[in-house]
Amino acid sequence: MRLNQSLSLFSCFIVLSLILGILALLALPLPQSDDYPWTPSQEFQALEKKFKAAISPDHLRSFLKALTAEPHPPGSPGDRNVEDYIYTQMKSFGLEPQWNGYEVLLSSQVSSHLELTYPTREVLDIYEGIIPEDPFSKRTKEFPAWSVYGASGEAEGEVVYANFGTASDFERLKKLGVDLKGTIVLMRNYKGERGGKIMRAQETGAAGALFFSDPLDDGYFWGDVYPEGPWRPMSGFQRGMVNFNPLPGDQQTPGWASKKGAERILIDRLEGLPHIPSLPISAREARKLLEKMTGYTVPWQWNGAMGFTYRTGPGPARVRIKTETKLEVKPIRNIVTFIEGSQFPDQWILLGNHHDAHMFGGGDPNSGTAVQLEFSRILGSWIKQGWRPQRSILINSWCAEEYGLIGSTEWVEEHADAVRDKVVVNFNMDSAIFNIDTPLYITASPTLIPLIQQTVTGLRDPRSGRPFADVWLEQQYEYSNWFSSLGHGWQIMPGEKRYTKPKIDPLPDIDDNMPFYYHLVVPGTDMFYGTDYGMYHSVYENYHWIAEHMDPSFEYHRLMTMILGLLALRVADDDYIPFDYVNYALYVERALEQLEQELPDDFRTEFIGLRELCREWIYTAGRVQRRLMQPPFLDISARGEINSIWYRMERAFFHEDGLPGNPWFKNLFAGPAVLSEPETKILPGLQIALRTKDLKLWKEQTEIYKHLLKRLIDDSRLVLKKLQKS
Ligand SMILES: [Zn+2]
């Protein structure tokens, strides 16, 4: 998908989840397994109670405060301090954190300048506005706008407004006859990555690019702006990277770990770095340009919420943009804390979060880091008393997520064999809290969805004291059939009955989960409270915003600690790993049904047998799960054996060659289906063959899928046999 770079895989997970989430939900009316839940063991229920009682909002508050004291982009002194803080805290909890370092290509800002040169002359403001009550915003003058991995250069030209800068937006401008050569293209954030937008602008011959958030997308159109509400003030802008490299991780070491001394691709050979200068700007400054433009009246969908009709240009407004950035190979550090399991040390439960932030990181990511630290504190206190989980727990604090999922990807590349063999699940929590007025948003592999639904059942909503699952469901209904600018939302299909369990997006988000899930097929989740907010990557995303406005009692941080912690403990410490393959298989079945409806006649022969195999898998997995609901008493070695087949079953979707034309993506359950479009689909191998009408490829892919379904049936049968024998 990213070969032509329309996909933004990694500007902190947000944009992609749009694509993954919406498409997955549109495609599938969320089947639910009837063979779940199986109840946790008595011992686990006691542990669960103890864990809930131990979570302290005061600790969460003090963690967040310390983590967000300074801006801490990757490679900065601020981020070094945050790393040291996390490491020291982990030690103080009695755990054994380890440094895990790489040397990677990072970008930094040197200078930025933006000026209106016609019809009047005015230096445009490249700083976010100060909000008097917010002490963090007073430091805005230290942090001008810049584009991460942006080009150094200077350009002057007439402004063209290109809506979201999607392929069809540029197509539309071309049809209208707007010549982009030598212009500065002004584009809205969202609906695709900055990298893809700037690449398209570059291809049309534009000389520079500007990005802004229209109030229609994350500002006053939605409600009160900060500090009165959670939406973006006119003076806020959104930082982010503009690199359009197709793969996550260090760009100079694609596919291998960037350890000190590793072979590196030369910088001038890198294909993902833009050549034209660009800057993010505030809506306040964008308005100054938009209101001075003539040209065609834009298609109505291109209008924003500034109170006037937008026009395409070119000009007459002209701007001059000058940027200087620096590329340097610098050391980064992940912090990996290993808690060895008492019975199954080679079955690993991962918890992930990143520690770097574009600015202070109040929501993204350090609300999630605070949760991770609180979970670690509690585990540390239990370990001091002699407790150990049955399986091993790894608590990972990744670096340089904001610059391309670098820390997590390098770690996965370095430990690929162990990840494939040992990792049971990756519970990532990038950010815990965004906006408590919009619903909790969870993405997860289908294997985990029923477990998550079961886990939230016993929780209470902090504000009302009512059952949390009811409140969550109500919030989802309120926001159903609406998709936020960040792409999150819930679709209720025509004719779909009122659903009774909260919906969970069936494909893991594009954040630090990406190398685990889309590359190595390790099931995972991500979750954050709030489908949308206006602070994303701004100076206002800080401790003041969270502690004074968003979650003053830290009760929502507590709730998120419960959800994440209970999930992790359940998989780490219950007798059987509660993965639901019936639920998984139902998604596959639905996707096959839909594919079948689109098949041309000459594609039908190979399709025969696929749905039958899937049915058989559902039936066999269902038999295992019914048996596991009242599991026999088995000794450790028998349980270990059963569990290790069970948790690895999803790996049947791992295909060494990857997707056709897209070898990094090795998950045949989900991945990009069209190289030129940012779409992720279920059963991408079949989708690609069908869309390209390539009969030979179709034959190959149907064989591959039949083979993997047979493997899933065989594995299920094997587990069943072991359970019955006992
Ligand atoms: Zn993040």
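Since the model is a prediction, treat every value here as computed from it, not as a measurement.

### Overview of the overall build of the protein
And step 1. In terms of regular secondary structure, the protein is built from 22 helices and 14 strands.
And step 2. In terms of C-alpha radius of gyration, the protein reaches 25 Å, essentially the compact-globule figure of 27 Å for 726 residues.
And step 3. Its C-alpha atoms give the protein principal-axis dimensions of about 85 × 65 × 55 Å.
And step 4. For the protein, with 726 residues in total, the buried portion stands at 58%.
And step 5. For the protein, the share of sequence-separated contacts (at least 6 apart) that also reach a separation of at least 24 residues comes to 82%.

### A few points about the nonpolar core
And step 1. Counting residues in each nonpolar core, the largest one holds 195 residues, and the members touching the most others are Ile 184, Val 185, Leu 186, Ala 209, Ile 433, Ala 568 and Ala 585.
And step 2. With 12 residues, helix α16 (residues 555-573) is the single largest residue contributor to this core.
And step 3. Once residues lying within four places of it in the same chain are set aside, the contact partners of Ala 585 are Cys 614, Trp 617, Ile 618 and Ala 621.

### Things to note about the domain arrangement of the protein
And step 1. Taken domain by domain, the protein holds domain 1 (40-105 + 330-573), domain 2 (107-328) and domain 3 (581-725).
And step 2. Taken together, the contacts link 36 residues of domain 1 with 40 residues of domain 2.
And step 3. The set of elements that each furnish at least two residues to the side of domain 1 that touches domain 2 consists of β1 (97-118), α10 (406-414), α14 (514-520) and α15 (543-550).
And step 4. Partitioning the side of domain 1 that touches domain 2 into residue classes produces 19 nonpolar, 11 polar and six charged.

### Things to note about helix α20 (residues 636-648)
And step 1. Relative to the 18 Å expected for 13 residues at 1.5 Å per residue, α20 spans 18 Å between its end C-alpha atoms, a close match to the ideal helical length.
And step 2. Of the residues making up α20, those classed as buried are Arg 639, Ile 642, Asn 643, Trp 646 and Tyr 647. End-on view of α20: buried residues confined to an arc of 120°, all on one side of the axis.
And step 3. Contacts made by the buried residues of α20 are with β8 (344-354), β10 (423-428) and α22 (695-725).

### As for α22
And step 1. Here α22 contains 31 residues, and its C-alpha end-to-end distance of 45 Å stays within 8% of the 45 Å for a straight helix at 1.5 Å per residue.
And step 2. Among the residues of α22, Trp 698, Gln 701, Thr 702, Tyr 705, Leu 708, Leu 709, Leu 712, Ile 713, Asp 715, Ser 716 and Val 719 are the ones counted as buried.

Conventions and cut-offs
- Residues numbered from 1 in each chain as written.
- Predicted model: local features only at pLDDT ≥ 70, side-chain atom pairs only at ≥ 80, totals over all residues.
- Helix = DSSP H or I, 4+ residues; strand = E, 2+ residues; numbered from the N terminus.
- Rg over C-alpha atoms; globule rule 2.2 N^0.38 Å.
- Buried ≥ 20, exposed ≤ 12 C-beta atoms within 10 Å, placed from the backbone.
- Contact = placed C-beta atoms within 7 Å.
- Core = buried A, V, L, I, M, F, W, Y, C linked by C-beta atoms within 7 Å.
- Domains from an automatic or database assignment.
- Nonpolar A, V, L, I, M, F, W, Y, C, P; charged D, E, K, R; others polar.
- Expected span 1.5 Å × (residues − 1).
- Arc of directions from axis to C-beta.

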